[in-house]
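Each chain, letter by letter, is given below.
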Amino acid sequence: MSDVLAVTDHRRGDLRDVSYEIITAGRQLADDTGGDLHLAVISGPVDNFAEKLNREGVDAIHTVSHGEEFNHDVYTQTITQLYDELAPQYILTPNSVNGLDYAPAVANELDLPVVTDTIDLSANGETLTATREMYGGKVETTNELEGDAVVTIRGAEWPTAEGTGDAAVEAFDADIDEDAIGSTVNGFEEVGGGDVDISEADVLVSVGRGIEEEDNLELIHDLADALDATVSSSRPIVDNGWLPKNRQVGQSGKVVTPDVYIAIGISGAVQHVAGMKGSDTIVAINTDPNAPIMDIADYAIHDDLFDVVPALTDQFQ
Amino acid sequence: MKILVTVKEVATVEDEFEIDGTEIADQYLGADLNEWDDYAVEEAVQLQEAGVADEVVTVTIGPEDCEQTIRQALAKGADRAVRVWDDSLEGVDLLDVNAKTEILSAVVEEEDPDLVLTGVQAGDDSFGATGVALAEEIGYQWGAVVNHLEHEFDGDTASVRRELEGGVEELTDIELPAALTIQTGINEPRYASLRGIRQAQRKELDVKSLADLGVDESAVDSDLELTDMYEPESESDVTVWEGSADETAAELGELLRDKGVAQ
């Protein structure tokens, strides 16, 4: 019998969705190991968070009141101390930007293996089997490891935990070495701004790496004009400086839910899909029939965007 | 200031491929400089051009074949390179985070940089963990997923922005020495100039074995065993339009009119 310790994620006073998903993942794993599911709730309004997180399947919630926002040193110190105290078999964390800012450090400090961005997990005795992707989602792999481990889970892969729990909520007295804290968060800033809010658009003409060159964007703008639609993009277009940051759809950009989303030359990396999968109708234009975008598209054209897009624009001009 | 940049040659995969055991069959694989590391190299070179850095050194774990990729980084402006390889690394199909951390930390100890820049992740195995694990191992401060770095350092502090989810950036000060994992979009990586490519041929590329670095061969024993690789099953019920571009565009046009998008 071995326990699971799952760490929750929050920002600016709100718990993030993955905090409820990690309860589901953690419960599954704890059922496999025959142990308890412990949650760690670190910084921010921890009592308020603990109340919300007290859902079915949680056995214990450990709160650590220390500062308002995330600090990786506080998280690293707290989680290593919780590991020493509770001796769980697995430490689960979100594979979020903050998760990736402390999980590898916790693993290294505890001399445990770390397996990141998992999309499925099971345990059998001392063996953990983790499913993850490689090569930008082109393949899935299963990976096995023995003994204790730190594991990060991808968001939106497990359902959120529901119901009301009766977990014991306890303040954990973490011994934080303030001298070891070498980074300070000075604030947050929303990016982009500007003239257009793509999250409000009814129709998005969205462009990705397949457009190849900045000059070719004219094709996309022409189509958007003809359809009276708004132009958005995947990450590489914004990275190249071809469109401003407020046009980026995805995990690190905006979440959009238009009536129609036309994905042009977008392969559909998981980070992009996280931002647009709520669209009513998704159309993909891409030469690669195996591109991940095809898994969530309602309609697809497996052809060259340089042929299809002008032909489409012509119809509406 | 001395900057060490980790540079990885990653495997790239063609659109159509076959899997051979737990690997993609060789004939469908290419090789390239890891995209995230390209941005890390550019950031280091820009710091050098701004007069902040005195020396930019790259480190790569990889066989002789990847020297072409290392020369790319040198052609873009890095001063010299270290490549780590020996027989014990040959045939390892998954070098996990702990192994990379142990090898790279030995190089950091030798080089003693003020700043280590790594890509956020590698395009092939996508662990996204080595930079932070390395920082913890060597007792450096760190920041993950950095998409802006102020080039004017305030004493021993680096001011960065970390790219959080949902279009929010975190403004953070990090004490040096530090390791930062660099996100794409932080800068515009340059193309190597012809002059740069010529100069790169003459730059020092030092090859070290694990023994040279004082790393025990057991460091490459991975805790993680890759047991299966397969193409993800599509759960899609996508309607695929076939035909010429005019025909498929007409189908899409009809759908858009049905949806009331444009008349």
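Just so it is clear, the model here is predicted, and its values are computed rather than measured.

Peer 1: So what about the overall build of chain A? Which residues, and what values?
Peer 2: Within chain A one finds eight helices and 17 strands. Dimensions along the principal axes, computed over C-alpha positions, put chain A at roughly 70 × 40 × 35 Å. Residue burial in chain A is summarised as follows: out of 317 residues, 60% are buried. Excluding contacts between residues fewer than 6 apart, the proportion of contacts in chain A whose partners are at least 24 apart in sequence is 64%. Here chain A has roughly 11800 Å² of accessible surface; of this, 39% comes from carbon and sulfur atoms. Distance between charge centroids for chain A: 4 Å, based on 15 positive and 61 negative side chains.

Peer 1: Tell me about the overall build of chain B, and please be specific about residues and values.
Peer 2: A count of helical and extended segments in chain B gives seven helices and 15 strands. Over its C-alpha atoms, taken along the principal directions, chain B stretches across nearly 65 × 45 × 40 Å. For chain B, buried positions account for 56% of its 263 residues. Expressed as a percentage of contacts within chain B between residues at least 6 apart in sequence, the contacts between residues at least 24 apart total 71%.

Peer 1: Any chance you could break down the sheet that holds strand E15 (residues 239-241) of chain B for me, citing the residues and the numbers?
Peer 2: An order of E14(A)-E13(A)-E15(A)-E16(A)-E17(A)-E15(B) is seen for the six strands of this open sheet, with the pairing classed as parallel. Each end of this open sheet is capped by a strand with a single partner; those strands are strand E14 (230-233) of chain A together with E15 of chain B. For this sheet, the mean angle separating the axes of adjacent strands, direction not counted, is 20 degrees. As paired strands, strand E13 (residues 203-207) of chain A and strand E15 (residues 260-264) of chain A are joined by five bridges and run parallel to one another. Looking at E15(A), one finds that A:Val203 is bridged to A:Val260.

Peer 1: So what's going on with the sheet that holds strand E8 (residues 115-119) of chain B? Residues and values would help.
Peer 2: Spatially, ten strands are ordered E12(A)-E11(B)-E10(B)-E9(B)-E12(B)-E8(B)-E1(B)-E6(B)-E7(B)-E13(B) in an open sheet, and the strand pairing comes out mixed. Either end of the sheet is taken by a strand with one partner, and the two such strands are strand E12 (183-190) of chain A together with strand E13 (205-208) of chain B. Shown here is a sheet whose adjacent strand axes are inclined to one another by a mean of 30 degrees, direction ignored. For strand E7 (residues 80-84) of chain B and E13(B), the ladder comprises four bridges, and the chain directions are parallel. Within E13(B), the position partnered with B:Val82 by the bridge is B:Asp206. Contacting strand E1 (2-6), strand E6 (55-61), E8, strand E9 (141-149) and strand E12 (178-182) of chain B, helix H1 (residues 35-49) of chain B crosses the sheet at an angle of about 150 degrees to E8(B). Contacts from helix H2 (residues 67-75) of chain B reach E6, E7 and E13 of chain B, with the element oriented near 155 degrees to E7(B).

Peer 1: Provide a residue-level description of the interface of chain A and chain B, including the pertinent values.
Peer 2: Reports of interface size often rely on the accessible area that becomes lost once the parts have come together. Facing the 83 residues of chain A at the interface are 85 residues of chain B. Together, the buried faces of chain A and chain B total about 7100 Å²; carbon and sulfur atoms form 53% of this surface. Considering only the side of chain A, the residues that lose the most area to chain B are A:Val97, A:Tyr135 and A:Lys138, jointly responsible for 10% of the buried surface there. For the pair chain A and chain B, the number of links is eight salt bridges. In this structure, B:Glu35 and A:Arg209 form a salt bridge, with 3.4 Å as the shortest nitrogen-oxygen distance. At the boundary of chain A and chain B, one finds 44 residue pairs in polar contact (both at pLDDT 80 or more).

Peer 1: Talk me through the nonpolar core; I want residue IDs and the actual numbers.
Peer 2: Counting 64 residues, the largest nonpolar core has A:Leu53, A:Ile79, A:Leu92, A:Leu121 and A:Leu128 as the members making the most contacts within it. Excluding residues within four positions of it along the chain, A:Leu121 makes contact with A:Gln28, A:Leu29, A:Leu92, A:Leu128, A:Thr129, A:Ala130, A:Val151, A:Ile153 and A:Trp158. Grouped together as the second largest cluster of nonpolar side chains are 36 residues, B:Met1, B:Ala40, B:Val56 and B:Ile70 included.

Peer 1: So, a negative patch on the surface: which residues are in play, and what are the values?
Peer 2: Taken together, the side chains of A:Asp111, B:Asp87, B:Glu90, B:Glu102, B:Glu109, B:Glu137, B:Asp216, B:Glu217, B:Asp221 and B:Asp223 define an acidic patch exposed on the protein surface. Here B:Asp87 shows up in the loop between E7 and helix H3 (97-111).

Peer 1: Please give an account of the UniProt feature "domain: Electron transfer flavoprotein alpha/beta-subunit N-terminal" (unreviewed entry) in chain A that cites residues and values.
Peer 2: Here the UniProt feature "domain: Electron transfer flavoprotein alpha/beta-subunit N-terminal" (unreviewed entry) sits at residues 4-185 of chain A. Each end of residues 4-185 of chain A is marked by a C-alpha atom, and these two atoms are 30 Å apart; helix forms 28% of the span and strand 35%.

Peer 1: Help me get a handle on unusual backbone geometry, residues and values and all.
Peer 2: Backbone phi values are negative for most residues with the exception of glycine, while trans is the configuration of most peptide bonds. Of the consecutive residues B:Leu176 and B:Pro177, the connecting peptide bond is found in the cis state with omega at -5 degrees. On the secondary structure map, B:Pro177 appears in the loop between strand E11 (168-175) and E12. For A:Arg12, which is not glycine, the phi torsion reads 50 degrees and is therefore positive. Among the structural elements, A:Arg12 can be located in the loop between strand E2 (10-11) and strand E3 (14-15). Judged by relative accessible area, A:Arg12 falls into the partly exposed class, the value being 41%.

Peer 1: I'd like a rundown of the pairing of strand E5 (residues 60-64) of chain A, residues and numbers included.
Peer 2: Residues and elements named next belong to chain A. For E5, the tally of buried residues reaches five of five residues, placing the bulk of the element in the interior. Side chains Ala60, His62 and Val64 of E5 all project onto a buried face; the interleaved residues Ile61 and Thr63 project onto the opposite face, where all are buried too. Sheet topology note: the strand E4 (residues 37-42)/E5 ladder contains five bridges and is parallel. Note that in E5 the partner of alanine 40 across the bridge is histidine 62. Read from E4 through helix H2 (residues 46-53) to E5, the crossover connection turns out right-handed. Of the pairings in the sheet, the one linking E5 to strand E11 (residues 168-171) comprises four bridges and is parallel in character. From the neighbouring strand, alanine 60 faces E11, where its bridge partner is alanine 168.

Peer 1: So what about the domain arrangement of chain A? Which residues, and what values?
Peer 2: Examined at the domain level, chain A breaks down into domain 1 (4-180) and domain 2 (203-314). Computed from C-alpha coordinates alone, the two centres of domain 1 of chain A and domain 2 of chain A are separated by 34 Å.

Calculation criteria
Residues numbered from 1 in each chain as written. Chains lettered and ligands numbered in written order. Predicted model: local features only at pLDDT ≥ 70, side-chain atom pairs only at ≥ 80, totals over all residues. Heavy atoms only, no water. Helix = DSSP H or I, 4+ residues; strand = E, 2+ residues; numbered from the N terminus. Buried < 20%, exposed > 50% of the residue type's maximum accessible area, 1.4 Å probe, protein only. Contact = heavy atoms within 4.5 Å. Areas by Shrake-Rupley, 256 points an atom, 1.4 Å probe, with all protein chains shown as cover. Lys, Arg positive; Asp, Glu negative; His and termini not counted. Charge placed at Lys NZ, Arg CZ, Asp CG, Glu CD. Pairing = 2+ DSSP bridges. Axes fitted to C-alpha atoms, helices over the stretch in contact; angles between N-to-C directions. Buried area = accessible area lost by both parts, 1.4 Å probe. Salt bridge = Lys/Arg side-chain N within 4 Å of Asp/Glu carboxyl O. Polar contact = N/O pair within 3.5 Å; in protein donor to acceptor, adjacent residues only side chain to side chain. Core = buried A, V, L, I, M, F, W, Y, C linked by side-chain atoms within 4.5 Å. Patch = residues over 30% accessible without salt bridge, like charges linked within 9 Å, V, L, I, M, F, W, Y side chains within 5 Å. UniProt positions renumbered as here; feature names shortened; annotations may be inferred. Right-handed = clockwise from strand over helix to strand, strands pointing away. Domains from an automatic or database assignment.

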